[in-house]
Amino acid sequence: MNRALATAARPVWTPMRLFKVLALLLLLVLVPPFADNPYLTTIFISAVMFGLFGAIYDLMIGYCGLINFGYAGFIAAGAYASALAAFHYGISPWLGLLIGGAAAALLGLFTGLITLRLRGLYLGLTTWFVAEALRFTISNADSYTRGVRGLAVDPFPDLFGISFARGNLLTYYYLLLVLGALIMLAMYLLVRSKAGLAFKAIREDELAAQSLAVDTTRYKLLNFTVASFLTGVLGAYYAHYLGILTPTPEEFGVPRTVEILTIAYVGGRGSLWGALFAAFLLIGFQEYFRELEAWRLVLYGLLLIGIMLFAPKGLAGLRKHFW
Amino acid sequence: MDWSILLDPLILSELVFQGLVRGSMYALMGIGLSLIFGILGIVNFAHGEQFMIGTYCMYFVAAVLGLPFIAGILFAGVVLFFVGMAIERGLVEPLRRRAGRDWLVDSFVLTIGLMVVLQNLAQIVFGTRRRGVTTLLPGSFEIAGITITYERLAIFLTALAVVGLLFLFIRFTALGKAIRATAQHAEAAQTLGIDIARIYTIGFGLGAALAGIAGALLISIFPAFPTVGYQPVLKSFAVVIIGGLGNIPGAIAAGYLLGVVEAYAIFLLSAGWQAVLTPLLIVLVLIFRPQGLFTVQGERP
């Protein structure tokens, strides 16, 4: 019984499947340098970054049923922590990646501590309040964060003789791929561990998990804090890649959260990798139809509703046809 | 700053009255949210967009047709009642048949999708221009030294009347009793012959109507524009957390409380920092009294 469960939970690495994974990875690594088109590279950076945000989101919602409706605020925490450390105290952005992660993890730990012992949607609502409080604090603490005037952020300094000047899009792209590989590996190991089993038990039936002596609050807190940390690291990368931070709703408010939430849901809950495919689809689509403007968000909303009603598994539901 | 002005009875009562006017909106919105949560178990994120449709209804009736404001209130209430029932039948009902255990999160995400769609459709149809009605009822009177405009008084009294009527409806009519039974235990209500699908639809319609009435009432403060619902929905979620999720009397009390606290905050703090105050309040409530300030039973949510 146990063995059957264990094998069912692990993907089978047939040669064909290995080949598909390698082909996709090669495409990811090789398309930007061969296309040699800065516009395409920025789209690839956006797609990979949002795909990673979506995957981290999926770690919370798909594996533990935790909804973070202030997600953009957690990105802001990471981005601003690293940017402010560099701006005011001259701390290297390389260290800033960890500072951003730590700032967001602290925010996650705090929000988690006060809400995760409660049932229902307290987490979703409170993260939203906390994120909005953070965003308004950033715009109000004008003298420290430069508020809505925008905070200029330095690029990463050179490392091992590689130049990270802002124009070097490909360097930034490969840095993102390295960060992304580490983030995906960390999440993969986490969901394959004993903690991962506890996450799934909580998602399936929290009460039953509790009655089997799973300390649900502790595991939820672990999941949420780890996800917040990874979000903060990526947020710090975002700050130094983008070069300017402003606390607008589009950048760090509800619209941004909805974008990432949609990517996670379109990718398919509990799939981790699905979000990356969804991000390429959605971001590619919106870049192709630039004149959409307000229709773009209508489309995101309709997608969310459609996924909820007709395709709860998202793209991951197509897996049996292509995988 | 000279803190003694806080003790000035004139300013004190002026601020309390301002707070009660704001609180009227929060109470109406909060009751709507609590009603929908209590009956259907949905945390309705599109509540602010129902408020927004209410503001457009009022603009249409008062500014375009030039009818008195009471007609606008009725119109907004009726329109939103049907909009709410349509949402329940068209979107919520199909989801209920599918979602099962994931209901709470899935229905929340469904309403997020609905919020995004309604907000951006409004932007496409109406544009971002703010359409306000500056004064619904001109004139004012003075009582014990403080000036009260007729309009503010009308907002306050209308909200009280709506809350009162709703209370009577839920307490004494057969339909109201069926609603309470469904909210308490849906399966048991069903075995007693209550058509719970119908109650769900009516419940969502009622909640939406309350949001629409709130939007229509407050048009002089919140003019009609696509994202007008954002602040009201943020505040009304604060109200239901402070009052206790699903607790209607709690939502009323918390609504007026938050209104008065905010009136003081506006007076004392600069504009930007008030926006930080409500979230802080929520965090404090969640740390010290997560079941809400006005919940009598000791059970933790």
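Residues numbered from 1 in each chain as written. Chains lettered and ligands numbered in written order. Predicted model: local features only at pLDDT ≥ 70, side-chain atom pairs only at ≥ 80, totals over all residues.

(A) Seen up close, the overall build of chain B. Of the regular secondary structure elements, chain B holds 11 helices and two strands. Secondary structure elements in chain B, listed N-terminal to C-terminal, are α-α-α-α-β-β-α-α-α-α-α-α-α. For 301 residues, the compact-globule formula gives about 19 Å, and the C-alpha radius of gyration of chain B, at 19 Å, lands near that figure. With the C-alpha coordinates of chain B rotated into their principal frame, the extents come out at 60 × 50 × 35 Å. Across the 301 residues that make up chain B, the buried fraction comes to 50%. At a minimum sequence separation of 6, the contacts of chain B that also span at least 24 residues come to 76%. (Helix = DSSP H or I, 4+ residues; strand = E, 2+ residues; numbered from the N terminus. Rg over C-alpha atoms; globule rule 2.2 N^0.38 Å. Buried ≥ 20, exposed ≤ 12 C-beta atoms within 10 Å, placed from the backbone. Contact = placed C-beta atoms within 7 Å.)

(B) Fine view of the overall build of chain A. The helix and strand tally for chain A stands at 16 helices and two strands. Against the compact-globule benchmark of 20 Å for 323 residues, chain A has a radius of gyration of 20 Å, which places it among compact chains. The principal-axis extents of the C-alpha atoms in chain A amount to approximately 60 × 45 × 45 Å. Counting all 323 residues of chain A, 49% fall into the buried class. When contacts within chain A are restricted to residue pairs at least 6 apart in sequence, long-range pairs at least 24 apart make up 78% of them.

(C) Representation of the pairing of strand S2 (residues 146-149) of chain B within the structure. Residue and element names in this part refer to chain B. When strand S1 (residues 140-143) meets S2, the two strands line up antiparallel, connected through four bridges. Directly across from glutamate 142, in S2, lies its bridge partner threonine 147. Linkage of S1 to S2, two consecutive antiparallel strands, is achieved through a turn of two residues, within which alanine 144 is found at a positive phi near 50°. (Pairing = 2+ DSSP bridges.)

(D) Just helix H4 (residues 103-126) of chain B, in detail. All names here are of chain B. End to end, H4 covers 34 Å across 24 residues, agreeing with the expected 34 Å (1.5 Å per residue, within 8%). For H4, the tally of buried residues reaches 17 of 24 residues, placing the bulk of the element in the interior. Of the residues one or two after H4, glycine 127 is the one with positive phi, at around 75°. (Expected span 1.5 Å × (residues − 1).)

(E) Just the interface of chain B and chain A, in detail. In this complex, chain B contributes 37 residues to the contact, which on the side of chain A involves 35 residues. For the side of chain B that touches chain A, the elements supplying multiple residues, two or more each, are helix H3 (69-99), H4, helix H9 (230-243) and helix H11 (271-288) of chain B. For the side of chain B that touches chain A, the element with the highest residue contribution is H4 of chain B, accounting for 15 residues. In the side of chain B that touches chain A, the residues fall into 30 nonpolar, four polar and three charged. (Nonpolar A, V, L, I, M, F, W, Y, C, P; charged D, E, K, R; others polar.)

(F) How the structure looks around the nonpolar core. Leu28, Ile213 and Ala214 of chain B are the most contacted members of the largest nonpolar core, which totals 205 residues. Ranked by residue count, the leading element in this core is helix H3 (residues 38-64) of chain A, at 16 residues. Every residue in contact with alanine 214 of chain B, bar those within four places of it in the chain, is listed here: Met25, Leu28, Met29, Phe51, Gly54 and Pro232 of chain B. (Core = buried A, V, L, I, M, F, W, Y, C linked by C-beta atoms within 7 Å.)

(G) Inspection of the confidence of the model for chain A at higher detail. Residue and element names in this part refer to chain A. Confidence along chain A averages 82 in pLDDT terms, with 93% of residues attaining 70 or more. Looking across chain A, the model is least confident in helix H1 (residues 2-9), with a mean pLDDT of 43, and most confident in helix H11 (residues 216-242), with 91. Counting contacts from residues 1-9, a segment whose pLDDT is below 50, to residues more than four positions away or on other chains yields zero contacts. (pLDDT = per-residue confidence, 0-100.)

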